[in-house]
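Descriptive analysis of the structure
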Amino acid sequence: MRKKIVAGNWKMNKNLQEGIALATELSVMLAADKPACDVIIGTPFIHLAKISEVIDHKNIRLSAQNCADKASGAYTGEVSAEMVKSTGAEYVILGHSERREYYKETYDILKEKVQLALANGLKVIFCIGESLDEREKGIQNQVVKAELEGSVFNLSADAFKNIVIAYEPIWAIGTGKTATAEQAEEIHAYIRSVIAEKYGRQIAEETSILYGGSCKPSNAAELFSKPDIDGGLIGGASLKAADFKGIIDAWKR
Ligand code: PGA
């Protein structure tokens, strides 16, 4: 059975002290009330090593939100996949639409990052999703397929098992506009079919596909009830322990 996952993407929020406080609060909550899914928090780089010391890794796994497209060396300001791994992090989020748009991360750059992450023993939460314009043109399926082909379908079947997909329609991120559970299910099923074409039914069935975009405690249970939605990648609602816990608890309903 594929993993059920609720992953937080803190983005560029919380200073170090605030981040430690949030992770500690969540860790205490989940120790008292064990989650029925895997819980991941994606924090800024500088938080990783400290937070790794304060959380119970059985209940919370740690993720970075990016890593460099080079292994090591003279790349001032960059953080490598090896460095991320050495903090105790198990995952890295790659391909987020904010990185594609604001930092011009292309299919090829992301392909390098994915390979380096996997080579260093990290699992990858790989984000895909269409813009409002693309959705209105009805080309969302082509967009997500091209994103997969551009950066992860070069992987061997064995390597691909370390990829979690996050479908995040750009028009739903931070806008309060969630895709309906039906809209999300339709494209999740399509994504799974594309993975099946490439890697076969079994690997497709074992791949977790998360929904992201204005997911909150009030809509998580409905989204997660769909057969091809295996959890969520949560931005805004991951910044308050109670809200994030509310989404985690959607797997218990
Ligand atoms: P949101 O962000 O939950 O704030 O819409 C999701 C994401 O960008 O990962």
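Structure shown above.
Note that the coordinates shown come from a computational prediction; the quantities given were computed from them, not determined experimentally.

Thresholds applied
Throughout, residues of each chain are indexed from 1 in the direction in which the sequence is written. With the structure being a predicted model, the display of local features is reserved for residues of pLDDT at least 70 and the display and counting of side-chain atom pairs for 80 or more, all residues being used for whole-chain, interface and lining totals. Derived side-chain values reflect all non-hydrogen atoms in the structure, with water molecules and hydrogen atoms excluded from consideration. When DSSP finds two or more bridges between a pair of strands, those strands are recorded as paired. Each helix is a run of H or I in the DSSP string that is no shorter than four residues. Each strand is a run of E no shorter than two, and both are numbered from the N terminus. A fitted line through C-alpha atoms represents every axis, and for helices the fit uses only the stretch in contact; the resulting angles, taken between N-to-C directions, go from 0 to 180 degrees. Here a residue-residue contact requires only that any non-hydrogen atoms of the pair lie within 4.5 Å. The rule for a salt bridge is simple: a side-chain nitrogen of Lys or Arg has to be within 4 Å of a carboxyl oxygen of Asp or Glu. Only protein chains enter the area calculation, which uses a 1.4 Å probe; residues under 20% of their type maximum are buried, those over 50% are exposed, and those in between are partly exposed. Being near a molecule or strand, for a residue, comes down to having at least one heavy atom within 4 Å of it. By the criterion applied in these results, polar contacts are pairs of N or O atoms within 3.5 Å in which, for protein atoms, one can donate a hydrogen and the other can accept it, and in which residues neighboring in sequence qualify only through two side-chain atoms. Calculation of accessible area relied on Shrake-Rupley with a 1.4 Å probe; when residues are assessed, cover is drawn exclusively from the protein chains displayed. Only protein atoms enter the 1 Å grid, on which a cavity is a set of points fitting a 1.4 Å probe that cannot get out and a pocket is an open set with protein on both sides within 12 Å along at least 5 of 7 lines, lining residues being those with an atom within 4 Å of a point. Assignment to a cavity or pocket requires that more than half of a molecule's atoms be within 2 Å of the site's grid points. For this classification, the nonpolar set comprises Ala, Val, Leu, Ile, Met, Phe, Trp, Tyr, Cys and Pro, the charged set comprises Asp, Glu, Lys and Arg, and every other residue, Gly included, is treated as polar. Within 6.5 Å between ring centres, the rings of Phe, Tyr and Trp (the latter by its six-membered ring) count as paired, and their orientation is classed by plane angle as stacked under 30 degrees, edge-to-face over 60, tilted in between.

Description of the sheet that holds strand β3 (residues 61-64)
Here we have eight strands rolled up into a closed barrel, ordered β1-β2-β3-β4-β5-β6-β7-β8, and parallel in their pairing. The sheet shows a mean angle of 25° between the axes of neighbouring strands, direction not considered. The sheet contact formed by strand β1 (residues 5-9) and strand β8 (residues 231-234) spans four bridges and is parallel. Bridge pairing in β8 places Ala 7 opposite Leu 233. Along the sheet, helix α12 (residues 241-248) makes contact with β1, β2 (38-42) and β8, crossing β1 at roughly 155°.

A short note on the pattern of salt bridges
Scanning all chains against the criterion turns up 21 salt bridges. Of the charged contacts, one joins Asp 33 and Lys 245 as a salt bridge, the two residues approaching to 2.7 Å between their closest N and O atoms. Placement of the pair is Asp 33 in the loop between α1 (16-32) and β2 and Lys 245 in helix α12, with a sequence separation of 212 residues. Between Lys 58 and Asp 56 there is a salt bridge, with the nearest N and O atoms lying 3.8 Å from each other. Given the relative accessible area of 67%, Lys 58 is considered exposed. The exposure class assigned to Asp 56 is partly exposed, which follows from its relative accessible area of 29%. Salt bridges here are not isolated pairs; linked through shared partners, they connect Arg 2, Lys 4, Arg 192, Arg 201, Glu 205, Asp 228 and Asp 230.

Description of the site of the ligand
Close to the ligand lie 13 residues; Lys 11, His 96, Glu 168, Gly 174 and Ser 214 are nearest. Gly 174 has a polar backbone atom sitting 2.7 Å from an oxygen atom of the ligand. One of the backbone nitrogen or oxygen atoms of Gly 235 is found 2.9 Å away from an oxygen atom of the ligand. For the ligand, whose accessible area on its own is 280 Å², the fraction buried by protein is 95%. Under a 2 Å grid-point criterion requiring more than half of the atoms, the pocket assigned to the ligand is the second largest pocket. Considering only residue class, the shell around the ligand consists of four nonpolar, seven polar and two charged.

As for the side chain of Arg 192
Positionally, Arg 192 belongs in helix α9 (residues 181-199). Judged by its relative accessible area of 2%, Arg 192 is buried. A distance of 2.5 Å separates the side chain of Arg 192 from the side chain of Asp 228, its partner in a polar contact.

A few points about the packing of aromatic side chains
A complete count under the given rule lists five aromatic pairs for this structure. Consider the rings of Tyr 167 and Tyr 211, whose centres lie 6.4 Å apart with planes at 50°: the pair is tilted. Here Tyr 167 is found in strand β6 (residues 163-167), whereas its partner Tyr 211 is found in strand β7 (residues 209-212), with 44 residues between them in sequence. Summarising the aromatic geometry, the rings of Phe 224 and Trp 251 are spaced 4.9 Å apart at their centres and angled 15° between planes, so their arrangement reads as stacked. Of the two residues, Phe 224 is situated in helix α11 (residues 217-224) and Trp 251 in the segment after α12; the sequence distance between them amounts to 27 residues.

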